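# Examining the three-dimensional arrangement
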Amino acid sequence: MLSICCINLMLTFENDTQFCWPYVVGQRNSEKKIELRFPDGPPLINTNGVTLNGHDCRRQSSDKDHHYFHDSDPLIEEILNENYDHEMAAVASTMSAVHPTTLDVIVQKCLCRPKHHLESNSLKRERTLLLALSTVPYCLASTTQWSILRAFYSAVATFALDDPSLASECPRKGNHWQIVGFQGSDPATDFRGTGILGLIQLYCVVKNLPESKLATIVQLSRGEPNDFPLAVVGINITALLVARLRNGELLESAVACGGYLKAINQLYQSSLVLFCKQWKEENCSVKDCQHLLNSELINFDFKH
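What you see is a predicted model, and the numbers here were worked out from it, not measured in a lab. (Residues numbered from 1 in each chain as written. Predicted model: local features only at pLDDT ≥ 70, side-chain atom pairs only at ≥ 80, totals over all residues. Heavy atoms only, no water.)

## Observations regarding the overall build of the chain
What the chain contains, in helices and strands, is 12 helices and three strands. Relative to its full complement of 304 residues, the chain shows a buried share of 50%. A fraction of 67% describes how many contacts in the chain between residues 6 or more apart in sequence connect residues 24 or more apart. If you sum the accessible surface of the chain, you get close to 14,600 Å²; carbon and sulfur atoms cover 53% of it. (Helix = DSSP H or I, 4+ residues; strand = E, 2+ residues; numbered from the N terminus. Buried < 20%, exposed > 50% of the residue type's maximum accessible area, 1.4 Å probe, protein only. Contact = heavy atoms within 4.5 Å. Areas by Shrake-Rupley, 256 points an atom, 1.4 Å probe, with all protein chains shown as cover.)

## Remarks on the packing of helix α6 (residues 195-208) against helix α10 (residues 260-281)
Contact geometry for α6 and α10: axes closest at 10 Å, N-to-C directions at 70°. Judged by the inter-axis angle, α6 sits roughly perpendicular to α10. Between α6 and α10 lies a crossing whose hand is right-handed. Residues L197, Q201, L202, C204, V205 and N208 of α6 lie in contact with α10, whose contacting residues are I264, N265, Y268, Q269 and L272. Tallied by class, residues from the contact of α6 with α10 come to seven nonpolar, four polar and no charged. (Axes fitted to C-alpha atoms, helices over the stretch in contact; angles between N-to-C directions. Parallel < 35°, antiparallel > 145°, perpendicular 65-115°, else oblique. Left-handed = near helix turned anticlockwise from the far one by under 90°. Nonpolar A, V, L, I, M, F, W, Y, C, P; charged D, E, K, R; others polar.)

## Describing helix α5 (residues 143-160)
With 18 residues, α5 extends 25 Å between its outermost C-alpha atoms, agreeing within 8% with the 26 Å of an ideal straight helix rising 1.5 Å per residue. Listed as buried for α5 are T144, Q145, I148, L149, F152, Y153, S154, V156, A157 and A160. Among the structural elements, α1 (74-80), α6, α7 (211-222) and α8 (230-246) are those in contact with the buried residues of α5. (Expected span 1.5 Å × (residues − 1).)

## A few points about the confidence of the model for the chain
For the chain, mean pLDDT is 80; residues scoring 70 or higher make up 69% of the total. No element of the chain has a lower mean pLDDT than strand β1 (residues 3-12), at 38, and none a higher one than α6, at 98. The model gives residues 1-53 a pLDDT under 50, and that stretch makes 137 contacts with residues more than four places away or in other chains. (pLDDT = per-residue confidence, 0-100.)

## Things to note about the pattern of salt bridges
Under the defined criterion, the tally for this structure stands at seven salt bridges. In this structure, the salt-bridge partner of D186 is K173, at a minimum N-O distance of 3.9 Å. Here K173 lies in the loop between α5 and α6 and D186 lies in the loop between α5 and α6, a separation of 13 residues in the sequence. On the accessibility criterion, K173 (53% relative accessible area) is exposed. (Salt bridge = Lys/Arg side-chain N within 4 Å of Asp/Glu carboxyl O.)

## Quick look at the nonpolar core
Soluble, globular proteins show a tendency: their nonpolar side chains are buried together. Among the nonpolar cores identified, the biggest contains 71 residues, and L133, F182 and F275 are the most heavily contacted of them. Beyond its immediate chain neighbours, meaning those up to four positions away, F182 contacts L149, F152, W177, P187, D190, F191, L202, A231, V232 and I235. (Core = buried A, V, L, I, M, F, W, Y, C linked by side-chain atoms within 4.5 Å.)

Set out below in structure tokens:
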């Protein structure tokens, strides 16, 4: 019979700061430590409009008559158009410029290749916003963020629980969050590495995936002894995307998809599906999470 032990999933940053939470799985072995790495150091969390513990509401955009960002989902649109002026100013200095390299210019002129895309002002503003969102902590006072978080829980719990009707029962804190792949009883703590961008992407993937595919992914993540923390894996995929956004590597995808948010959501979804495919084929366990997240299979999808 399998004994239950506590595995620590450790998020380790380049500056050696580590955050460690318990993740309970069935194991025959004694306690293990698993590292899930974000590619960059933890972002500086700018708390303009939000206190350090995230209890205050954020101000609405200073331009009340104009929404810069539009989305078919009203919850996402509301979050995108709140005031992030300070965060956007802070991340702007960390962003790599997007422009053709000397080699790109030579190839384009000599081989008559299509002209390299330039980042428009609107795309640059969207990229800056998404990077800013990755530094914004979850706000306990935000009903919009809570609605998104609860929607993610309900969508996953429907396929994770023996009784799907219980998926509508979702207290703010409790061990039920581990069912959908968070580290502990308070999911807000898991967003410290990717801010509310990590929350947005979790919500978008369960909303956009076909129901049958979502059910397959959830059941795979719950099947002992090969279970894995679904929400944590998703947050780490967001972290990989944030690094590529900052480095200006996703412009071609943004142009093709009609915006950076659409692009990263498509890349996120396909990367999660690839992760699960490889997880199943290689009969992985939770100790393999970091290896898969760093694998060429996942990173290849981000680059194309």
